[in-house]
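As a plain string of letters, each chain reads:
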Amino acid sequence: MANGDGGIKLELNTKFWGYRRQDGRVGVRNHVLILPTIVCATQSAVRITDLVQGTVSFIHQHGCAQVGVDYEQTFRTYVGIGSNPNVYGVVVLGLGCETHQGRSVADEIAKQTGKPVELVSIQENGGTLMTIARGAQVAARMVQAASMQRRVECDISELIVATECGGSDACSGLSANPAVGAVSDLLVDRGGTAILAETSEIIGAEHLLANRAVDDRVRKRVYEVIQAMEAKAIMMGVDIRTGNPTPGNIKGGLSSLEEKSLGAAAKAGTRPLQELIDYAERPGKKGLVWMDTPGQDIEQLTGMVAGGAQVVLFTSGRGTPTGSPIAPVIKIATNSRMFETMADNMDMNAGTIIEGKESIEQVGNRIYEEVLDVANGKRTKAEILKQYDFGINRIGPTF
């Protein structure tokens, strides 16, 4: 079959080897997660990961003095991260007196997934040292059990792939983002799910996505989340266009928020928009899904992984070390110069599109195959460097 470049279009693979979980979902990694539900427990969690190979954790500042929808969103994120199919089992690490009770988080993860979950409390275990010892014992048993699980053949339709861009430049909307859009289309056409995020960076291009909404309800929601995002900026006394494009975007050649948004929207490919979901919410439909997140890289990354994404495609024109504790992040350079200077961090180069060496379709096919390689176990640069970034979006004050 001929492609648009006159070459032969190869049939793309649709299978990978993953870990089948009790809830039916498939993981591409087999982590034991040490999940601290309160900022006071994060250092103990990290020390447990230092002791026990096969465990991951993260630092954050949440879990107490949060109320209302802010409490609910943080709780949903904790549960989503623990429920992600890349996680075999979870050691929930709490203090004991915090707002986000570890027991509630542990019970909800176990209820939703059926995976091994155990709670360790600093106050109930008599302090930091005894808690680290207890947590390490529990984690070591989980890691040994996890090591016995074998990969099974799975179909790409079982993947949720998150997409995002950070440090955009003038090449983003011409190379890496359209190439990721091509991957989105390939994935959706094969029954999978692609998540578009960063609502603040879609402002000015929202009509393009609204026109692709599957029904009036989704179309209406597109405009609602855009208006809400702009209203949040106004409440802070600024126009969102004063913060976007960022100084790095401007230095990279972007002239306006609209230009940045047109490039960001290109990651969504061309398929219908099936639904628009809240931060850290699991998609209810397959296909193209928009998650309402801020533009801040780590917060949107965390939200999409909490929503169940097993793999992340992250484009950048300026370069970034960003990664996730539980989901492999494939970072794609928009230009060859940055790809070469940030070789420690960037996994793929889409700058060949700018140079006329490859088409968008060809680079999209390369990225698609890389997704399958990573799903099969290939490590990304961020994983190798243990770049475990984590940040929950806050929508309310701390009391």
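Residues numbered from 1 in each chain as written. Predicted model: local features only at pLDDT ≥ 70, side-chain atom pairs only at ≥ 80, totals over all residues. Heavy atoms only, no water.

- Looking up the protein chain in an unreviewed UniProt entry gives the name UxaA family hydrolase, with the organism given as Paenibacillus filicis.
- The record in UniProt for the protein chain states the following under Sequence similarities (unreviewed entry): "Belongs to the UxaA family." (UniProt positions renumbered as here; feature names shortened; annotations may be inferred.)

1. Observations concerning the UniProt feature "domain: D-galactarate/Altronate dehydratase second" (unreviewed entry) in the protein chain
Part 1 of the reasoning: If you check UniProt for "domain: D-galactarate/Altronate dehydratase second" (unreviewed entry), the listed places come out as residues 18-146 in our numbering.
Part 2 of the reasoning: The distance from the first to the last C-alpha atom of residues 18-146 is 13 Å, and the span holds 44% helix and 20% strand. (Helix = DSSP H or I, 4+ residues; strand = E, 2+ residues; numbered from the N terminus.)

2. With respect to the packing of aromatic side chains
Part 1 of the reasoning: Counted according to the given criterion, the structure contains two aromatic pairs.
Part 2 of the reasoning: Between the aromatic rings of Phe58 and Phe390, the centroid separation amounts to 3.7 Å while the plane-to-plane angle is 15°, which identifies the pairing as stacked. Linking Phe58 in the loop between β4 (55-56) and α2 (68-83) with Phe390 in the segment after α14 (381-384), this pair joins segments that are 332 residues apart in sequence. (Phe/Tyr/Trp six-rings, centres within 6.5 Å; stacked < 30°, edge-to-face > 60°.)

3. Comments concerning the nonpolar core
Part 1 of the reasoning: Core analysis: the biggest nonpolar cluster contains 35 residues, and Leu33, Leu35, Ile81, Val105, Val305, Val312 and Ile326 have the highest contact counts within it.
Part 2 of the reasoning: Of all the elements in the fold, those that place two or more residues in this core are β3 (31-36), α2, β5 (87-94), α3 (102-113), β8 (160-165), β11 (287-291), α10 (297-306) and β12 (311-316).
Part 3 of the reasoning: When sequence neighbours within four positions are dropped, the list of residues in contact with Val305 reads Gly80, Ile81, Asn84, Val312, Ser324, Ile326 and Ala327.
Part 4 of the reasoning: Of all hydrophobic cores here, the second largest spans 30 residues; its members include Val26, Leu187, Ile330 and Ala375. (Core = buried A, V, L, I, M, F, W, Y, C linked by side-chain atoms within 4.5 Å. Buried < 20%, exposed > 50% of the residue type's maximum accessible area, 1.4 Å probe, protein only. Contact = heavy atoms within 4.5 Å.)

4. With respect to the sheet that holds strand β7 (residues 152-155)
Part 1 of the reasoning: Read across the open sheet, the three strands follow the order β2-β1-β7; overall the sheet is antiparallel. On the outer flanks of this sheet lie β2 (26-27) and β7, each paired with one strand and no other.
Part 2 of the reasoning: Pairing between strand β1 (residues 15-20) and β2: two bridges, direction antiparallel. Paired with Tyr19 across the bridge in β2 is Gly27. (Pairing = 2+ DSSP bridges.)

5. Quick look at the packing of helix α5 (residues 176-189) against helix α13 (residues 360-375)
To characterise two packed helices, one gives the angle between the axes of the helices and the distance between these axes.
Part 1 of the reasoning: Running from N to C, α5 and α13 point in directions that differ by 60°, and their axes come no closer than 8 Å. Between α5 and α13, the interaxial angle falls into the category oblique. Relative to α13, the crossing made by α5 is right-handed. On the side of α5, the interface is formed by Pro178, Ala179, Val180, Ala182, Val183 and Leu186, while α13 contributes Ile360, Val363, Gly364, Asn365, Ile367 and Tyr368.
Part 2 of the reasoning: By residue class, the composition of the contact of α5 with α13 is ten nonpolar, two polar and no charged. (Axes fitted to C-alpha atoms, helices over the stretch in contact; angles between N-to-C directions. Parallel < 35°, antiparallel > 145°, perpendicular 65-115°, else oblique. Left-handed = near helix turned anticlockwise from the far one by under 90°. Nonpolar A, V, L, I, M, F, W, Y, C, P; charged D, E, K, R; others polar.)

6. A look at the pairing of β1
The side chains of a regular strand alternate, first on one face of the sheet and then on the other.
Part 1 of the reasoning: In this structure, β1 lies alongside β7, joined through four bridges in antiparallel fashion. Residue pairing for β7: Phe16 is matched across the bridge by Cys154.
Part 2 of the reasoning: Here β1 hands over to β2 after five residues, with Gly24 in that stretch at a positive phi of 95°.

7. Considerations on the pairing of strand β9 (residues 193-196)
Part 1 of the reasoning: Burial along β9 is two-sided: the face carrying Thr193 and Ile195 and the face carrying Ala194 and Leu196 are both buried.
Part 2 of the reasoning: Where β8 and β9 come together, three bridges link them in parallel fashion. Counterpart to Ala162 in the pairing with β9 is Ile195.
Part 3 of the reasoning: Between β8 and its parallel partner β9, the chain crosses via α5, and the hand of that crossover is right-handed.
Part 4 of the reasoning: Two elements, β9 and β11, share four bridges in a ladder whose sense is parallel. Paired with Ile195 across the two strands is Val289, which belongs to β11. (Right-handed = clockwise from strand over helix to strand, strands pointing away.)

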